[in-house]
Amino acid sequence: MEQLQDKQRLDRDFAELYRAHLRDVYSYAYYRIGNHHDAEDLTEQTFLQAYRHFERAQRESNGRPLRPWLIRIAHNLAANYYRDRSRRPITQLEDAAILSAPHATEDMVEGREEVKEVLAGVSKLPDDRREALIMRFALDMDNREIARAMGRSEGATKVLIHRAIKQLEEGLSDD
Amino acid sequence: MTDAERVERLLRMALTPVEPPEALSDRLERGLSELTDAAVEELSEWELSTMRDPRNWARPAAAVVVGGLAAGGLVLVRARQQQRKRQASGLKALERSVREVAGDLEKRLRR
């Protein structure tokens, strides 16, 4: 009886995790990989893997949010994706970002070129810097969450993000 | 506004969250459900073939734990899926995923 209740609770928790973070995982995958087709595969693999290890992850999380764990799975799978296929992202990020952005003012239209430049800059960053920015800006994760997802300290994560922004800033001023 | 703030503002505009396609949700929920079904089916077949032998009576208990976890994981997710029409064909990636997980489960059950 107790086992059944535990399982039901686990079911509810996993379904909640799935609903709460499907968009996060997909956004991460899309910006990491750069195309919708592979982003879908990566998202799918992430949740299947999460499903298999959910009970243990939940047990070991001590009540902490599981989003970093989920994103870490996606991160590892993305790394395998590149290793297996020797690929770099073929970035068409502007399709998603600009088309999905709910802005239509003239200011925003004028800013499109700048946004495109930033996206191009993001795609040229080293993997770890790019990932940190995706987590921060697309997923709105804080330093602690990003640190857990990337397996780094909070301090190192803060430095990583700072350097990524600095690099982008320098790239934009060169253009 | 400093240059860093300007870059951050542009990043917020550029890296907007991307909504997953509806088809992905269907495919994912189907994949997880098939995984559940595979686990249950595997468990049932195995139980039928082994329960006659008392030496195996301890093993189904472990299998129930494994199968039970797989079977229950998506009850709530499936409720949504059942509202939709099932598509006839699965995609290769999905099939591969389900096969891998089912294979893994099979190995554990046969230990």
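Our structure is the block above this text.
Reference entry: report on the structure contained in this document. No experiment lies behind these values; they were computed from the predicted model shown. (Residues numbered from 1 in each chain as written. Chains lettered and ligands numbered in written order. Predicted model: local features only at pLDDT ≥ 70, side-chain atom pairs only at ≥ 80, totals over all residues.)

## Comments concerning the overall build of chain A
As a reminder of what qualifies: Going along the chain from the N terminus, every DSSP run of H or I of four or more residues is numbered as a helix, and every run of E of two or more is numbered as a strand. Once C-beta atoms are placed from the backbone, each residue is buried if 20 or more other C-beta atoms lie within 10 Å of its own, exposed if 12 or fewer, and partly exposed for counts between those two. Two residues qualify as a contact pair if the distance between their C-beta atoms, derived from the backbone, is within 7 Å.
The secondary structure content of chain A amounts to 8 helices and 0 strands. Ordered by position from N to C terminus, the α and β elements of chain A give α-α-α-α-α-α-α-α. Scored against the burial criterion, the 175 residues of chain A give a buried share of 39%. Long-range pairs, those at least 24 residues apart, make up 69% of the contacts in chain A with a sequence separation of at least 6.

## So, the overall build of chain B
Within chain B, the secondary structure is distributed over 5 helices and 0 strands. Along chain B, helices and strands appear, N-terminal first, in the series α-α-α-α-α. The buried share among the 111 residues of chain B stands at 32%. Summarising the internal contacts of chain B: among those between residues at least 6 apart in sequence, 87% fall at separations of at least 24.

## Quick word on the nonpolar core
Stated precisely, the cut-off is as follows: Residues enter a nonpolar core if they are buried, belong to Ala, Val, Leu, Ile, Met, Phe, Trp, Tyr or Cys, and are joined to the set through C-beta atoms within 7 Å.
Counting 51 residues, the largest nonpolar core has Tyr28(A), Ala29(A), Ala74(A), Val118(A) and Ile134(A) as the members making the most contacts within it. At 11 residues, helix α1 (residues 2–33) of chain A tops the list of elements feeding residues into this core. Dropping the residues within four chain positions of it, Val118(A) is found in contact with Leu168(A), Val7(B), Leu10(B), Leu11(B) and Ala14(B).

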